[in-house]
Structures are given as structure tokens and as C-alpha cells.
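Here's the letter readout for the chains.
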Amino acid sequence: MAEPNAWSFSLSSHPVALGFFLAFRLAALLTYIFGLIFTSNFILIFIIVVLLLAADFWNTKNVTGRLLVGLRWWNESSPNGDSIWVFESADPQRVINATDSRFFWTVLYSTPVVWGLLALLAILRFELIWLSLVIIAVILSSTNAMAFTRCDRFGKANGIANSMLARSSRGLMQRVAGGLISRVYGG
């Protein structure tokens, strides 16, 4: 069972980062929805929403993910042109704030779903020009969700491997030291 105040913004270790994370996502969604309802100026709404989505994408990828859950990712190109995904996770000893983690993962996964529902609505209303904007939003938010999911799995797998390596090397060192001590003092 969750803590009673698990969703309290005041429990965040990084309230400014969490605020920007939520603000960029909500601003893009609300600008799209209110722009759809109150104006017919597609170009203005398109530019504003794309700028908000780009700011959200960069902020989530480079700042919020690192501060709230200790994860960061990027993509590099190898000399032969292959795409290489690079995942970075915080020190396994770092304690991740439960509130920050809960907000981050819930909002990260729910945003592509909301944009997907808006895409379905645009299709049903035959507003295909607005659908182009929603597809951009789905792609950007889904890319961040997928990359952070991979980064989290990589971090956990890396933590398990490091733990096993530390235990096995510690066991090896104990056996070697024990063998040396028994040879020196045992005769």
C-alpha cells in the first residue's frame, strides 16, 4: 500500500526539476487542447506545441531523468554510421526519492497514452492536419519512455553484474589471502 502523501509535491527531493518536468508536459497538452478548441490558427499552435515538446524532450532526457531517478541516455553514431545507444545510471548506493520516482515513471508512461488518445480523436474527427502534430508528440514522448525503460533495465542489470562481480572477486581474494596465510603460517 502506498504512503498517504506519496503524491505530495512537497516530498520531492528536486521540486524544481519535477515542476519543469510536469510543466512542459502539461503546457504542450493544454496548448494543443485549448488551441484546438479556441483557435483555428494551426501554424501558431503547431510551433508552440513543437517548441514545448522539444523542451520537454531535452529536459526529460538530460536533466529530469538524471535528477529524479538517476538515469540518462543518449545516442551516438559510430564511425561506420551505426547508431549506438548509451545508458548511464547513478551509483547504486544513491537513494532515489520514492515521490520523485513515482511522479517520473507515472507521467513518463501516461503522456504517450494521452497523446495516443488525442491521435485517435483527431482521426475520428477527420482533423488530419492536427494529427501530424499529435504524431510528433507521440514519437517524442514514446522515445523518452522507451529509452528510459531500457536505461532502467540496463542500470539494474549492471548493478546486479557489479554486485556479483564484487562478491566473486571478494570471495576470490579471501581464498587467495587464506591460501597465502595458511602457507606462510601453516608450514
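Located above this text is the structure these notes cover.
Summarised in this report is the structure supplied together with it. (Residues numbered from 1 in each chain as written. Predicted model: local features only at pLDDT ≥ 70, side-chain atom pairs only at ≥ 80, totals over all residues. Heavy atoms only, no water.)

### Focus on the nonpolar core
Alright, step 1. With 18 residues, the main nonpolar core has Phe 104, Trp 105 and Phe 148 as its most contacted residues.
Alright, step 2. Within the residue set of this core, elements represented by two or more residues are helix 1 (15-38), helix 2 (42-69), strand 1 (71-77), helix 3 (98-124) and helix 4 (128-186).
Alright, step 3. Considering each element in turn, this core owes the most residues, 5 residues, to helix 3.
Alright, step 4. If you look at the next biggest cluster of nonpolar residues, it comprises 17 residues, including Ala 28, Phe 42, Val 49 and Trp 115. (Core = buried A, V, L, I, M, F, W, Y, C linked by side-chain atoms within 4.5 Å. Buried < 20%, exposed > 50% of the residue type's maximum accessible area, 1.4 Å probe, protein only. Helix = DSSP H or I, 4+ residues; strand = E, 2+ residues; numbered from the N terminus.)

### Focus on the pairing of strand 1
Alright, step 1. Judged from the 7 bridges that link them, strand 1 and strand 2 (residues 83-89) form a sheet pairing that is antiparallel. If you follow Arg 72 over to strand 2, its bridge partner there is Glu 88.
Alright, step 2. Hairpin connection between strand 1 and strand 2: a loop of 5 residues separates the two successive antiparallel strands, and Gly 81 in this loop has a positive phi of roughly 95°. (Pairing = 2+ DSSP bridges.)

### Concerning the environment of Val 107
Alright, step 1. Position of Val 107 relative to the elements: it lies in helix 3.
Alright, step 2. When the C-alpha atoms of Val 107 and Phe 21 are compared, they prove to be 8.9 Å apart, with 86 residues separating the residues in sequence.
Alright, step 3. Residues in contact with Val 107, not counting those within four places in the same chain, are Phe 21, Leu 22 and Arg 25. (Contact = heavy atoms within 4.5 Å.)

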